[in-house]
Amino acid sequence: MSALTATREGARTGRGRRPPRGEGRRWLGSDRRHNLTGWAFLLPAALLIVLVSFVPMIQALVLSLQTGRGTRLSWADPLWYNYERLLGDEIFRQTLVNTFIYLVIQVPIMLGLALVLANLLNNPRLRFKAFWRTAIFLPCAVSLVAYSLVFRTMFATDGFVNDVLAVFGAAPVNWLGEPDTARFVLILGLLWRWTGFNMIFFLAGLQNIDRSTIEAARMDGANAWQTFWRVTVPQLRPIILLTAIMSTNGTLQLFDESWALTRGGPAYASMSMSHYLYEVSFQRNPNFGYGAALAYVIFILVAVLAFIQLRVGDKRD
Amino acid sequence: MTSVIRRLRHVPGYLFLGIFAIFSLFPLYYMAVSATNTSRDVLGSRLLPGGELFANFAKLFQAQDVLRALGTSAAIAIGTTVLALLICSIAGYGFEVYHSKGKDVLMGVLLLAIMIPFAATMIPLFQVFAKLGMVNSLFAVIIPAISTPLLIMLFRQSSRAFPSEILEAARVDGLNELSIFARIYVPTMRATFAAAGVITFMTAWNNYLWPRVILIKNEVQTMPMLIVNLSAGYVTDYGVLMLAVLLASLPTVIVFLVLQRSFAEGITGAIK
C-alpha cells in the first residue's frame, strides 16, 4: 500500500519539478526539497525499468491468452488454450528436461569450483596471483556465441578433441551428434565461460571477511578443510546466495550456447527453453501467443526457484 | 625437512590453479592460433601460428562487411555504456544519499525485474518497437539495456562508502545537488564506474538474442551476428571463422585487461 502511494507520489513530483537549484525555491522546506531531489534522481532509471520490463510482462500475459499467426491475433478459446497446449508439447517437455539437466549438473559444479579457486587466490602467500586471476576470468570477456563457435570447432567430428583422443588410441566421438555428449559439451562450455565470473564475486566476498576469524580457527586447531567449511563458507552465505540465484536465472534463460554451440541438436536433445521460445515466436510460423505462454512458464520457474533459494539461503542456524 | 613438507603442502593448490588456468586459456589460444591457419590446418589440429593471417583477412572481408559490423557493435556498446552509467549511477546515488522508506520500497519493486527473463519481454518489446518504426534502429537495441536493477544496486551499495561529511561541506559551500553529484561523487567513485562500465560494455557488445530479433535487415548486424552467419554457411572455412571470432572478442578482452584492477576494486566495494 505504502509502496504504491510512494511510487505514485514520486512519479508526480518528479515530473512536475526539476531538482531545485538554490535560490528562488526557498518556499519548499529543506527536508522536503531534499527528498524530492532524490526522487528526481531515480526517476529516469525507475521509469525505464517499468517501461522495458514490467509493462511488456503484462503485455506478454495478455498475448499468452491469444492465438493466431503473425500479427492476426484473437482471444484463445478457452483462454488458457496455449498453456494447455504446452502440457502436451513433447518438444517443450524435452527442452524443460534439458534446461533442468544443465541447472542441476552445471550450477553446483561451477559454484563449487569457483569457491575453491577463490579460496586459493585469497591466500596472501600465493604467488603470481594477478596472473591466475586474469587467466581464470578472461573467458568472461568473450561473447557467448564466439566461444560457442570455438567449442563447436574443437568438438567437430574431425576436430581437435578427437585428434587428441586418437593420440591415446581412442575412437573418435560424435560429440555434437549424440544427445548425451552434446549436453556434456554444452555443460563444459558453460563451466568454461562462467566459473571465473562467479569466482570474482567470491573473491570480493572473501576480501571483506575479517582474516582474524580464519586465523583464530587455525589457532584453535581446526585444519584447513574445517576452517573453510565452518568459518569461511558461513560468512560467504549472502554471496553464495547471490551467485546461486544469478546462475539459476541465467541457466533458465540459456539461449546463445544452445543456438550456436549445439544448435539445439541432435534433433531437440540439447535445446534450451529460450531457444525453443525463439523458434516458436520468430521462425517458421511465428506464433506470438504460444511463445508468450512459454515465456510465462520460464518466468514462473525463475520466480519459484529464486523464492526457494531465498528461503533456504536466508535460514539462520 | 619441515620446510620442504610445508612447501609440498602448497603443491595441490598450485596444481589445481594450473590445470584450471590451462583449461581457461587453451580455447582462447586455439582461437588466436587458428586465425593464422588454413581451414585444413585448423581441423588438422595445428597448434602453432601459421602464415595465413592475411589470406584469412582477405577472405573474411570479401565474405562479410566486417568494418560495418564492428562499427555497429561499437556504437551499440559505447552508447549503452554511456547512457547506462549516467542513468544508473544517478539513481543509485539517489537511493542511498536521499535515503527514505518510500525509496527502499521502490528499490525492492525494481529488483523484482531481475527475475523477469528477457525472453518473456522480448515479444511485446518487438511489437512496440515495430509500431514505433524502430525495427533495424540501433536505439531499439540500446534502450532496453540502459537501466538495469543490478547496476543500480551496484551503485547504491558502493555509495554507502561515500562520506556524508563531504556532502555537507559541499552544500555549505553552495554547490547545488546536481553538481555535487557530477563534481564530487563521480570522481571519487571511479572504481565503481570502471566495474559498472566493464560489465555493461561487455554485456552490450556480446549481446546476441535481442539484436538478432530487432535488427532484421542483412546489412545491419553486430559482430556476434556476423560470426554466427559466417558459421551457418554450407562450407565453413574454420581459419576465417576463427579470425572473425577473434575480431569479435578482442574489444571486450582489451577493455577488461585495461580496466581489470579498478574492476576488481569496484566489485569488492559493492559487496561489502
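**Description of the overall build of chain A**
Next up, step 1: Of the regular secondary structure elements, chain A holds 13 helices and 2 strands.
Next up, step 2: In chain A, which comprises 317 residues, the proportion classed as buried is 42%.

**Some words on the overall build of chain B**
Next up, step 1: Within chain B, the regular secondary structure consists of 15 helices and 0 strands.
Next up, step 2: Compactness check: chain B gives a C-alpha radius of gyration of 23 Å against a globular reference of 19 Å for 272 residues, more than 25% above the reference.
Next up, step 3: The dimensions of chain B, computed from C-alpha atoms along their principal axes, are 75 × 70 × 35 Å.
Next up, step 4: Counting only contacts in chain B whose residues sit at least 6 apart along the sequence, the fraction spanning at least 24 positions is 80%.

**Some words on the interface of chain B and chain A**
For interface size, the figure often reported is the accessible area lost on association.
Next up, step 1: Taken together, the 75 residues of chain B in the interface contact 80 residues of chain A.
Next up, step 2: For the side of chain B that touches chain A, the residue count by class is 57 nonpolar, 15 polar and 3 charged.

**Topic: the packing of helix 6 (residues 144-154) of chain A against helix 8 (residues 179-207) of chain A**
Residues and elements named next belong to chain A.
Next up, step 1: At a closest axis distance of 11 Å, the pairing of helix 6 and helix 8 adopts a crossing angle of 130°. It follows that helix 6 is oblique to helix 8 by the angle criterion. In the crossing of helix 6 with helix 8, the sense of the turn from one axis to the other is right-handed. In contact with Leu144, Tyr147, Ser148 and Phe151 of helix 6, helix 8 contributes Val185, Gly189, Trp192 and Arg193.

**Details of helix 4 (residues 90-121) of chain A**
Next up, step 1: With 32 residues, helix 4 of chain A should cover 46 Å at 1.5 Å per step; its first-to-last C-alpha distance of 46 Å lies within 8% of that length.
Next up, step 2: Of all the bends in helix 4 of chain A, the largest measures some 30° and sits at A:Gln106, one to four residues before the proline A:Pro108.

**A closer look at the confidence of the model for chain A**
Residue and element names in this part refer to chain A.
Next up, step 1: Residues with a pLDDT of 70 or more make up 88% of chain A, whose mean pLDDT is 82.
Next up, step 2: Here helix 1 (residues 2-16) is the element of chain A with the lowest mean pLDDT, 36, and helix 4 is the one with the highest, 92.
Next up, step 3: Predicted confidence for residues 1-27 stays below pLDDT 50, and this span has 29 contacts to residues more than four positions away or in other chains.

**Some words on the nonpolar core**
Next up, step 1: Formed by 163 residues in total, the largest nonpolar core has its most connected members in A:Phe202, A:Leu294, A:Ala295, B:Cys88, B:Ile227, B:Ala244 and B:Val245.
Next up, step 2: If you tally residues by element for this core, the top one is helix 15 (residues 238-271) of chain B, at 16 residues.
Next up, step 3: Residues lining this core come from more than one domain, with at least three contributed by each of domain 1 (2-56) and domain 2 (84-314) of chain A.
Next up, step 4: Leave out the neighbours within four places in its chain, and B:Ala244 touches B:Leu60, B:Leu226, B:Ile227 and B:Leu230.

**Some remarks on the environment of A:Pro124**
Residues and elements named next belong to chain A.
Next up, step 1: The topology assignment puts Pro124 in the loop between helix 4 and helix 5 (129-137).
Next up, step 2: Of the residues examined, Pro124 has 6 C-beta atoms within 10 Å and is grouped as exposed.
Next up, step 3: Separated by 134 residues in sequence, Pro124 and Ser258 have C-alpha atoms that sit 40 Å apart.

**So, helix 15 of chain B**
Residues and elements named next belong to chain B.
Next up, step 1: Helix length check: helix 15 (34 residues) gives 42 Å between terminal C-alpha atoms against 50 Å at 1.5 Å per residue, more than 12% under.
Next up, step 2: In the structure, helix 15 departs most strongly from a straight axis at Gln260, where the bend amounts to approximately 70°.
Next up, step 3: Counted residue by residue, helix 15 has 24 buried out of 34 residues, so it is predominantly covered.

**Here we look at unusual backbone geometry**
Next up, step 1: In this structure, A:Arg263 is a non-glycine residue whose phi angle is positive, near 55°.
Next up, step 2: Of note in this structure, A:Ala267 is not a glycine but carries a positive phi near 50°.

**Brief notes about the environment of B:Glu165**
All names here are of chain B.
Next up, step 1: Within the fold, Glu165 resides in helix 10 (residues 164-172).
Next up, step 2: On the basis of neighbour counts, which here come to 7 C-beta atoms within 10 Å, the residue Glu165 falls in the exposed class.
Next up, step 3: Sequence separation between Glu165 and Phe16 is 149 residues; the distance between their C-alpha atoms is 47 Å.

Calculation notes
Residues numbered from 1 in each chain as written. Chains lettered and ligands numbered in written order. Predicted model: local features only at pLDDT ≥ 70, side-chain atom pairs only at ≥ 80, totals over all residues. Helix = DSSP H or I, 4+ residues; strand = E, 2+ residues; numbered from the N terminus. Buried ≥ 20, exposed ≤ 12 C-beta atoms within 10 Å, placed from the backbone. Rg over C-alpha atoms; globule rule 2.2 N^0.38 Å. Contact = placed C-beta atoms within 7 Å. Nonpolar A, V, L, I, M, F, W, Y, C, P; charged D, E, K, R; others polar. Axes fitted to C-alpha atoms, helices over the stretch in contact; angles between N-to-C directions. Parallel < 35°, antiparallel > 145°, perpendicular 65-115°, else oblique. Left-handed = near helix turned anticlockwise from the far one by under 90°. Expected span 1.5 Å × (residues − 1). Bend = angle between axes of the 7 residues up to and from the residue. pLDDT = per-residue confidence, 0-100. Core = buried A, V, L, I, M, F, W, Y, C linked by C-beta atoms within 7 Å. Domains from an automatic or database assignment.

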